[in-house]
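# Chain and residue survey
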Amino acid sequence: MKDSGKARRNFDVAIVGAGFSGLYLIYRLRRLGFTVRAFETASDIGGTWYWNRYPGARCDVESMQYSYSFDEDLQQEWNWSERFATQPEILSYAQHVAQRFDLKRDVELDTTIESAVYDEAAPSWTLTTDKGEAVSARFCVMATGCLSAARDPEIKGAETFGGEVYRTGNWPHRPVDLAGKRVGVIGTGSSAIQAIPEIAKTAGHLLVFQRTPNFSVPAKNAALSPDYVASWKDDYPALRKRAREETRSGTIYEFATKSAHAATEEEREAEYQRRWDKGGANFMHAYNDLVVDEAANRTAAEFVHRKIREIVKDARTADLLSPKDYPIFTKRICVDTDYYATFNRPNVTLVDIRTDPIDAITPGGIRTAGGHYDLDVLIYATGFDAMTGALNRIDIRGRGGRDLRSKWAHGPRAYLGLMSAGFPNLFMVTGPGSPSVLSNVITSIEQHVEFITDCIAHMREQARAEIEPDAAAEDAWVAHVGEVAAGTLLTKAASWYMGANIPGKPRVFMPYVGGVDRYRRTCNEIVAKGYEGFVFA
Ligand code: FAD
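Residues numbered from 1 in each chain as written. Predicted model: local features only at pLDDT ≥ 70, side-chain atom pairs only at ≥ 80, totals over all residues. Heavy atoms only, no water.

### Points about the sheet that holds strand E14 (residues 365-368)
- Strand order in the open sheet formed by three strands is E13-E14-E15, and the pairing between neighbours is antiparallel. Lying at the two open borders of the sheet, with one neighbouring strand each, are strand E13 (358-362) and strand E15 (371-374). Going from strand to strand, the sheet's axes swing by 20° on average, the running direction of each strand aside.
- Summarising the sheet, E14 and E15 pair through four bridges and their orientation is antiparallel. Looking across to E15, one finds that threonine 368 is bridged to glycine 371. (Pairing = 2+ DSSP bridges. Helix = DSSP H or I, 4+ residues; strand = E, 2+ residues; numbered from the N terminus. Axes fitted to C-alpha atoms, helices over the stretch in contact; angles between N-to-C directions.)

### Concerning the side chain of lysine 407
- Tracing the backbone through its elements, the reader meets lysine 407 in helix H13 (residues 404-407).
- Owing to a relative accessible area of 11%, lysine 407 belongs among the buried residues under this scheme.
- Engagement of the side chain of lysine 407 in a polar contact is seen with the side chain of glutamate 474, the distance being 2.6 Å. (Buried < 20%, exposed > 50% of the residue type's maximum accessible area, 1.4 Å probe, protein only. Polar contact = N/O pair within 3.5 Å; in protein donor to acceptor, adjacent residues only side chain to side chain.)

### Some points on the packing of helix H8 (residues 265-278) against helix H9 (residues 294-311)
- The contact between H8 and H9 brings their axes to 11 Å, and the two run at 60°. Taken together, the axes of H8 and H9 are oblique relative to one another. Regarding H8 and H9, the two cross each other, and that crossing is right-handed. Two secondary-structure elements touch here, H8 through Arg268, Glu269, Tyr272, Gln273 and Trp276 and H9 through Ala296, Thr299, Ala300, Phe303, Val304, Arg306, Lys307 and Ile311.
- Looking at the contact of H8 with H9 residue by residue, the classes come out as seven nonpolar, two polar and four charged. (Parallel < 35°, antiparallel > 145°, perpendicular 65-115°, else oblique. Left-handed = near helix turned anticlockwise from the far one by under 90°. Contact = heavy atoms within 4.5 Å. Nonpolar A, V, L, I, M, F, W, Y, C, P; charged D, E, K, R; others polar.)

### Considering the pairing of strand E1 (residues 10-16)
- Extensive coverage of E1 is indicated by the burial of six of its seven residues.
- As defined by bridge partners, E1 adjoins strand E6 (residues 134-142) across six bridges and the pair is classed as parallel. Of the residues in E6, the one forming a bridge with phenylalanine 11 is alanine 137.
- Bridge count between E1 and strand E2 (residues 36-39): four bridges; the pairing is parallel. Paired with isoleucine 15 across the two strands is alanine 38, which belongs to E2.
- Handedness of the crossover joining E1 and E2 through helix H1 (residues 20-31): right-handed. (Right-handed = clockwise from strand over helix to strand, strands pointing away.)

### A short note on the sheet that holds strand E7 (residues 164-167)
- Reading across from one edge, E7-E16-E8-E9-E12 is the order of the five strands in this open sheet, with parallel pairing throughout. For this open sheet the edge positions go to E7 and strand E12 (348-352), each flanked by a neighbour on one side alone. Strand-to-strand twist of the sheet, defined as the mean angle between neighbouring strand axes without regard to direction, takes the value 20°.
- Pairing analysis gives four bridges linking strand E8 (residues 182-186) to strand E16 (residues 377-380), with the strands arranged parallel. By the bridge assignment, isoleucine 186 is partnered in E16 with tyrosine 380.

### As for the UniProt feature "transmembrane region" (unreviewed entry) in the protein
- The feature "transmembrane region" (unreviewed entry), as annotated in UniProt, sits at residues 12-29 in this numbering.
- With 56% helix and 28% strand, residues 12-29 has its two end C-alpha atoms placed 9 Å apart. (UniProt positions renumbered as here; feature names shortened; annotations may be inferred.)

### Describing the site of the ligand
- The environment of the ligand is formed by 34 residues, the closest being Ser21, Glu40, Thr48, Asp60 and Tyr66.
- In this structure, an oxygen atom belonging to the ligand sits 2.6 Å away from a side-chain N or O atom of serine 21.
- Against a free-state accessible area of 970 Å², the protein chains account for coverage of 94% of the ligand.
- When residues of the shell around the ligand are assigned to their parent elements, the largest contribution, three residues, is made by helix H2 (residues 48-51). (Near = heavy atom within 4 Å. Areas by Shrake-Rupley, 256 points an atom, 1.4 Å probe, with all protein chains shown as cover.)

What follows is the structure in structure tokens.
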């Protein structure tokens, strides 16, 4: 099975997407001797880090952990400069990996896959591109990303706006000059929380249109010290193993072993303050019951409310910025640099569109129920159709011509988040029902890619043509994912984990809360039992 280059239109494996998932798939499959071709809408590799170039974009998992672990030389030679890497630095890391392993020669850029149709007789998948070309492959792997289908809200008159329009999830590749301009940002999710402090530094006036406030903790970002870097690099294999096998999040934090109820009020205050000062998502691991016990959770939420009141001088603005209708940590915790303090600037105004809803976008700005805000620039920071969006944008047809969108009409159904019954030889990386967005996503990507590529190699050894999940195993897994989520507070927020940000999307908790450690053990046991729950032909 030798790669014969671009002219060939029939591959062992077709990959959709060339972010961290697609790149690692190419690396592994090529080493196993399979022919591969990846297709990527963007004009270059990098996925999330190619598209999300908005001011302030950076990782909220520490750089020493948000990187591939599969190659010791790679992790030793790469040098991160800050505790939380910026988007340009992560993108140059992706470029470095692609170049180091010569991965780009198997990527077709500027190419969107519009459909994937299974031919049961062959058996093979036929993928059709936006250029009308067809490619066939025995296996198809969707490495399309959990947060790659950016969305614009449906606001009346949006197309009439006469000024500049930008989207955080598809930011221009040229410099954007906001100096002195009246800028409106719609949305206050993770991207907005990173972008707002940066935009405020140059904008003439910044209006932030907020419907739902988010909890955010300070990053306390800083340059990495040589000693800290050495503490990781000297022990990388063992630390990575620990992150993979002994943590729920695929990231090593300072994990607590006791309940918030086991501490006095003073002790809790001191512990929250210590973690707040240290910075980052470590804050959410202060006690071991914060995502399962409402009263425990409230102690953390109230601490953050107090912090917001301390930082934000205007009492009404502080109140509006304080989330009160969902528990903290039930939406992905935001990690910021000076977000709340930004609202003390004279050139920044918070507009509460819950009480003063947007009526329409006009040629000159935004009209709310209460008035009109003149704008030169409009920025959508309105999130993603998470986890299923990129998959549903492709017309995927499996056995008997059945389409995945219909199968998933009431919520995604997949065994281990890896495959869906009725869609043989079609794998998903970090699909719904896997830990994915609840983890350090690179840790999850590596595990999925290794599972998938090992499985394809296993099928070659065993001379198997087809694999798909058994419907009963899939039902049991979907039920398990729901049960584990129901045992936490995570289902209590109208979050994108639940599909709540997309009108009409079924309210189903999509990622697996069981943890990457437990999930990995389950996958390993399934493989050890001869891929239990999968059916081969
Ligand atoms: P992506 O990087 O999303 O790549 C998927 C690629 O598939 C995209 O380039 C897309 O263009 C392409 N694609 C999709 N559909 C098609 C199609 N039909 N045809 C062709 N190409 C297609 N994770 C963390 O762990 N920590 C973080 O701090 C963190 N921060 C984030 C910040 C932002 C702003 C966003 C959006 C995500 C963040 N994530 C974070 C999640 C991040 O998506 C993952 O960490 C990781 O980069 C995902 O890699 P991927 O290759 O699976 O998907």
